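Secondary and tertiary structure notes
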Amino acid sequence: MRLEKCYFCSSTVYPGHGIMFVRNDAKQFRFCRSKCHKNFKMKRNPRKVKWTKAFRKAAGKEMVVDGALDMERRRNVPVRYDRNLMMTTLTAMKKISEIRAKRERVFYKSRVISKKRTAEKTAMLKHVKMNMELVPTATRKRLEESKILGQKVQNEDVEMA
Amino acid sequence: MGRLRKKRNHHGIRDIKRKVSTKNRTKDIDQICDDLKPENIDKWKNQAFDLDLPGQGQHYCVECARYFIDDTSMQEHLKSKVHRRRVKELRDGPYTQKDAEEAVGLKTDNGERSRNKMEL
């Protein structure tokens, strides 16, 4: 059973699923579903379409550098059948996919949390900037000195005074 | 008045259907990238006279895969937004099946081929 990858979204194409387009120069393009096929017909670039794996990888949404990702490779070198090797490979595959899933979960969580935190911080800083007159003088001085709020606020204060 | 239909409103548009049909397929980005290679570009820039083509096939824009009727319209095209957009698109290079597979971590590693292994 040969599992192909979709040309557009890089998902797995199982036998009996999807569609294949053969261009007049005999190049083959496999698609997992009509959505991908239609997008291809519209000549969209998979690198620019946000839901494809190619985009997600390029935009840092997916784990790219990891040891667990370096195990799966297409090796075109013929290997002689060895029962023990086969068994160890099969068990290793299961274990590696588990590790990979775990690490991907961690990566996703840290990515989302860091994004959330920065958004919260900027919102808070904006709130402080808007209501600068309510901040006690000592704290205000410290804030201005540490330059957390940026140069803009200081300029506004000067104008107000 | 009942609920207005919002989906499939553009289903019967003739122009879109014709544009997308395989009969009218235009060249893909990867084919154009191939044409632009130094070994192929001369073939496209210096074409033989062909009476069936616009301008007898003498004014061809390789990036956009389009024939023009004369030099003035070709020069006009080279300054246009469509052409500049296409040039920008081509800068990224072609997207291939290999790129699609690498995006899910499927790479090829043939290693070093040694003779001893093959003799086994």
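Rules behind the numbers
Residues numbered from 1 in each chain as written. Chains lettered and ligands numbered in written order. Predicted model: local features only at pLDDT ≥ 70, side-chain atom pairs only at ≥ 80, totals over all residues. Heavy atoms only, no water. UniProt positions renumbered as here; feature names shortened; annotations may be inferred. Phe/Tyr/Trp six-rings, centres within 6.5 Å; stacked < 30°, edge-to-face > 60°. Buried < 20%, exposed > 50% of the residue type's maximum accessible area, 1.4 Å probe, protein only. Lys NZ or Arg CZ within 6 Å of the ring centre and 35° of its normal. Contact = heavy atoms within 4.5 Å. Buried area = accessible area lost by both parts, 1.4 Å probe. Salt bridge = Lys/Arg side-chain N within 4 Å of Asp/Glu carboxyl O. Polar contact = N/O pair within 3.5 Å; in protein donor to acceptor, adjacent residues only side chain to side chain. Helix = DSSP H or I, 4+ residues; strand = E, 2+ residues; numbered from the N terminus. Nonpolar A, V, L, I, M, F, W, Y, C, P; charged D, E, K, R; others polar.

Per an unreviewed UniProt entry, the recorded name for chain B is C2H2-type domain-containing protein, and the organism is Allomyces macrogynus. In its Sequence similarities (unreviewed entry) section, UniProt records this for chain B: "Belongs to the ZNF593/BUD20 C2H2-type zinc-finger protein family."

Looking at an unreviewed UniProt entry, one finds chain A named TRASH domain-containing protein, with Allomyces macrogynus as its source organism. Its UniProt record gives chain A a comment under Subcellular location (unreviewed entry), which states: "Nucleus".

We now examine the packing of aromatic side chains. This model, assessed by the stated rule, comprises eleven aromatic pairs over all chains. Pairing Phe31(A) with Phe40(A) gives two aromatic rings, centres 5.0 Å apart and planes at 40°, and the pair type is tilted. The same class applies to Phe31(A) as to Phe40(A), namely buried. Ring pairing ties together the aromatic residues Tyr7(A), Phe21(A), Phe29(A), Phe31(A), Phe40(A) and Tyr95(B), which thus form one cluster. The positively charged end of Lys35(A) is found above the aromatic ring belonging to Trp51(A), 4.0 Å away from the centroid. Above the face of the Trp44(B) ring, Lys27(B) is positioned so that its terminal group lies 3.7 Å from the ring centre.

A few words now on the interface of chain A and chain B. The interface of chain A with chain B comprises 30 residues on the first partner and 28 residues on the second. Of the roughly 2,800 Å² buried where chain A meets chain B, counting both sides, 47% is carbon and sulfur surface. Looking only at chain A, the three residues that lose the most surface to chain B are Lys43(A), Arg47(A) and Arg74(A), adding up to 22% of its buried area. Across the chain A-chain B interface, the total number found is eight salt bridges. The shortest N-O distance in the salt bridge between Arg74(A) and Glu101(B) comes to 3.2 Å. For the pair chain A and chain B, the number of links is 16 residue pairs in polar contact (both at pLDDT 80 or more). At the level of secondary structure, the elements contributing two or more residues to the side of chain A that touches chain B comprise helix H1 (34–41), helix H2 (53–58) and strand S5 (73–74) of chain A. Looking at the side of chain A that touches chain B, its residues break down into ten nonpolar, four polar and 16 charged.

This part takes up the side chain of Asp35(B). All names here are of chain B. With respect to the secondary-structure elements, Asp35 resides in helix H2 (residues 29–35). The class for Asp35 is buried, based on a relative accessible area of 8%. Of the polar contacts made by the side chain of Asp35, one reaches the side chain of Trp44; its length is 3.2 Å. With residues up to four places along the chain from it excluded, the contact list for Asp35 reads Lys27, Asn40, Ile41, Trp44 and Val62.

Another point: the UniProt feature "domain: C2H2-type" (unreviewed entry) in chain B. The positions UniProt marks with the feature "domain: C2H2-type" (unreviewed entry) are residues 59–88 of chain B. Within the segment residues 59–88 of chain B, helix and strand shares are 53% and 20% respectively, and the terminal C-alpha atoms sit 21 Å apart.

A word on the UniProt feature "domain: TRASH" (unreviewed entry) in chain A. The UniProt record annotates "domain: TRASH" (unreviewed entry) at residues 6–44 of chain A. In the segment residues 6–44 of chain A, helix accounts for 21% and strand for 26%; the C-alpha atoms at its two ends are 15 Å apart.

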